[in-house]
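This is what each chain is made of:
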Amino acid sequence: MTQDELKEAVARAALDYVVEGRIVGVGTGSTARKFIESLAGIKDRIAGAVASSEDTRQRLEGHGIRVFDLNEVSDIPVYIDGADEITPHMHMIKGGGGALTREKIVAAVAQSFVCIADASKFVDVLGAFPLPVEVIPMAAAHVSRELVKLGGTPVQRPNFVTDNGNLILDVKGLRITDPEDLETRINQIAGVVTNGLFALRPANVCLLGTPNGVRTVKAS
């Protein structure tokens, strides 16, 4: 199976977690786009969606799915999104698409977080994928110096501005053995909006696309 076929398989499997008649949180990125295409097939069975980015909002609306502002809702049964890396503990690196802050906010509201990913994203230790950090533009140099102290090599993502008007520093060279601690430490740096570690709020379940079918993984 190709990587696209694996993404399509987990996107279809994620429909089983959508609660009929309710609002679903929808992530951002290539796998989330596959989920949006699958979700369109059952759009009459849901109340609508909350989007984690402007790109996702536009794609949902393009399929005729009603999109709610997060401030309009108090409860989201499930949030479905991909990951750039995910461990057996359900800790993730996210933000390759630059939507990490809104993704983290929607995930915080959702009762359950279902991660959909192909098997290449499943790792024992996070860090091979550069860790995205969203920063206030005036703080980029300061935050970069602080990230170097933590052992990383930050590189500003070229020609990119987030939906929130901020910059992304992609931090290379990290081997993240304590993701909860590092998530907290980075978020405490003045000028950081948030970082792409999803450890304090991990996934509840991962639907992993493999050549032998979709594998359901829960935290070990």
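Scroll up to find the structure this text is about.
Basis of the calculations
- Residues numbered from 1 in each chain as written.
- Predicted model: local features only at pLDDT ≥ 70, side-chain atom pairs only at ≥ 80, totals over all residues.
- Heavy atoms only, no water.
- Helix = DSSP H or I, 4+ residues; strand = E, 2+ residues; numbered from the N terminus.
- Rg over C-alpha atoms; globule rule 2.2 N^0.38 Å.
- Buried < 20%, exposed > 50% of the residue type's maximum accessible area, 1.4 Å probe, protein only.
- Contact = heavy atoms within 4.5 Å.
- Areas by Shrake-Rupley, 256 points an atom, 1.4 Å probe, with all protein chains shown as cover.
- Lys, Arg positive; Asp, Glu negative; His and termini not counted.
- Charge placed at Lys NZ, Arg CZ, Asp CG, Glu CD.
- Pairing = 2+ DSSP bridges.
- Axes fitted to C-alpha atoms, helices over the stretch in contact; angles between N-to-C directions.

Engineer: Help me out: how do you make sense of the overall build of the chain in this one?
Structural biologist: A count of helical and extended segments in the chain gives six helices and 14 strands. The C-alpha radius of gyration computed for the chain amounts to 17 Å, which stays within 12% of the reference 17 Å derived for 220 residues, consistent with globular compactness. Oriented by its inertia axes, the alpha-carbon framework of the chain measures out at about 50 × 40 × 30 Å. The buried share among the 220 residues of the chain stands at 52%. At a minimum sequence separation of 6, the contacts of the chain that also span at least 24 residues come to 73%. For the chain, the accessible area works out to roughly 9,900 Å², and carbon and sulfur atoms hold 47% of it. Considering the chain, the positive charge centre built from 23 side chains and the negative charge centre built from 27 side chains are found 2 Å apart.

Engineer: Help me understand the pairing of strand 10 (residues 167–172), please; the structure alone is not making it clear to me.
Structural biologist: Regular strands place their side chains on alternate faces of the sheet. For strand 10, the tally of buried residues reaches five of six residues, placing the bulk of the element in the interior. Bridging between strand 8 (residues 131–135) and strand 10 involves five bridges; their strand directions are antiparallel. Bridging across to strand 10, Glu-134 finds its partner in Ile-168. As defined by bridge partners, strand 9 (residues 153–156) adjoins strand 10 across four bridges and the pair is classed as antiparallel. Its bridge partner being in strand 10, Val-155 is matched across the sheet by Asp-170.

Engineer: Could you clarify how one ought to interpret the sheet that holds strand 1 (residues 23–26) in this entry?
Structural biologist: Strand pairing in a sheet relies on backbone hydrogen bonds. The paired strands run either parallel or antiparallel. Judged by pairing direction, the sheet is mixed, and its seven strands sit side by side in the order 3-2-1-4-7-13-14 without closing on themselves. Edge positions in the sheet fall to strand 3 (67–68) and strand 14 (213–217), since each of these pairs with one other strand and no more. Inspection of the sheet shows strand 13 (residues 205–210) paired to strand 14 by five bridges, in the antiparallel sense. Pairing of Leu-207 across the sheet is with Thr-216, part of strand 14. Here helix 2 (residues 30–39) sits on the sheet and contacts strand 1, strand 4 (76–81) and strand 7 (110–118); the angle it forms with strand 1, its principal contact strand, is near 155°.

By themselves, these observations are geometric and do not establish any function.
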